[in-house]
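# Structure at a glance
Here are the chains, one letter per residue:
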Amino acid sequence: QAHLVESGGGLVQAGGSLRLSCASSGRTFSSDTMSWFRQAPGKEREFVAVIDQSGGGIDYGYSMKGRFTVSRDNAKNTGYLQMNSLKPEDTAVYYCATRNSYSLQTDYSKSWYEYWGQGTQVTGSS
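Below: a short report on this structure. (Residues numbered from 1 in each chain as written. Predicted model: local features only at pLDDT ≥ 70, side-chain atom pairs only at ≥ 80, totals over all residues. Heavy atoms only, no water.)

Take the pattern of salt bridges next. Summed over the entire model, instances satisfying the criterion amount to five salt bridges. Notably, a salt bridge pairs Arg38 with Glu46, separated by 2.7 Å at the nearest N-O pair. Notably, a salt bridge pairs Lys110 with Glu44, separated by 3.9 Å at the nearest N-O pair. Of this pair, Lys110 sits in the loop between strand S9 (92-100) and strand S10 (115-116) while Glu44 sits in the loop between strand S4 (32-39) and strand S5 (46-51); the two residues are 66 residues apart in sequence, bridging distant segments of the chain. A network of salt bridges, in which partner residues are shared, links Arg38, Glu46, Arg67 and Asp90. (Salt bridge = Lys/Arg side-chain N within 4 Å of Asp/Glu carboxyl O. Helix = DSSP H or I, 4+ residues; strand = E, 2+ residues; numbered from the N terminus.)

The next point concerns the state of the cysteines. As enumerated under the stated definition, the model contains one disulfide in all. Here Cys22 is linked by a disulfide to Cys96, with a sulfur-sulfur distance of 2.0 Å. On the sign convention where negative means left-handed, the S-S torsion of about 65° between Cys22 and Cys96 marks this disulfide as right-handed. Here the residue Cys22 occupies a position in strand S3 (residues 18-25), and Cys96 occupies one in strand S9, the gap between them amounting to 74 residues. By relative accessible area, Cys22 is classed as buried at 0%. (Disulfide = S-S within 2.5 Å. Buried < 20%, exposed > 50% of the residue type's maximum accessible area, 1.4 Å probe, protein only.)

Before going further, it helps to examine the environment of Thr28. Of note, Thr28 is situated in the loop between S3 and S4. Distance in space between the C-alpha atoms of Thr28 and Gly10 is 29 Å, their sequence separation being 18 residues.

Take the packing of aromatic side chains next. Counted according to the given criterion, the structure contains six aromatic pairs. Note on Tyr95 and Trp116: the rings are 6.4 Å apart at their centroids and 75° apart in plane angle, and the pair reads as edge-to-face. Note that Tyr95 is positioned in strand S9 and Trp116 in strand S10, a separation of 21 residues in sequence. On the accessibility criterion, Trp116 (27% relative accessible area) is partly exposed. Here Trp112 and Tyr113 contribute two aromatic rings whose centre-to-centre distance is 4.9 Å and whose plane-to-plane angle is 85°, an arrangement assigned as edge-to-face. Exposure class is identical for Trp112 and Tyr113. Each is buried. Ring pairing ties together the aromatic residues Phe37, Phe47, Tyr95, Tyr108, Trp112, Tyr113 and Trp116, which thus form one cluster. In this structure, Arg72 is placed above the aromatic ring of Phe29, and the distance from its NZ or CZ to the ring centre is 4.1 Å. One residue, Arg99, lies across the ring of Trp112, its end atom 5.2 Å from the ring centre. (Phe/Tyr/Trp six-rings, centres within 6.5 Å; stacked < 30°, edge-to-face > 60°. Lys NZ or Arg CZ within 6 Å of the ring centre and 35° of its normal.)

Structure below.
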């Protein structure tokens, strides 16, 4: 079973940047689709970004496009989320999630993913 650990969160001024990391262990990360979701207090967990096993299939939630970049390094069993131009509205706990797929695949639904990290707090101050 996969164990995912997010890191890199913190408090940043509006307009600043953070890079989150998601370290996967216990399974072959290169076989897994990986997504990022976020959840603000009192809000539903929402889709942020997805990257397929090869890194060639990528998509973002609408408000993240042009600001966030998802990537992965399969040799290091690690995924990344580069967040630029952060806004107070980006404040949330950010989670990475994975699921094995035999073919290249992306999915936007949190219910599709099997493995989840514990989350890392991101706060965009105003």
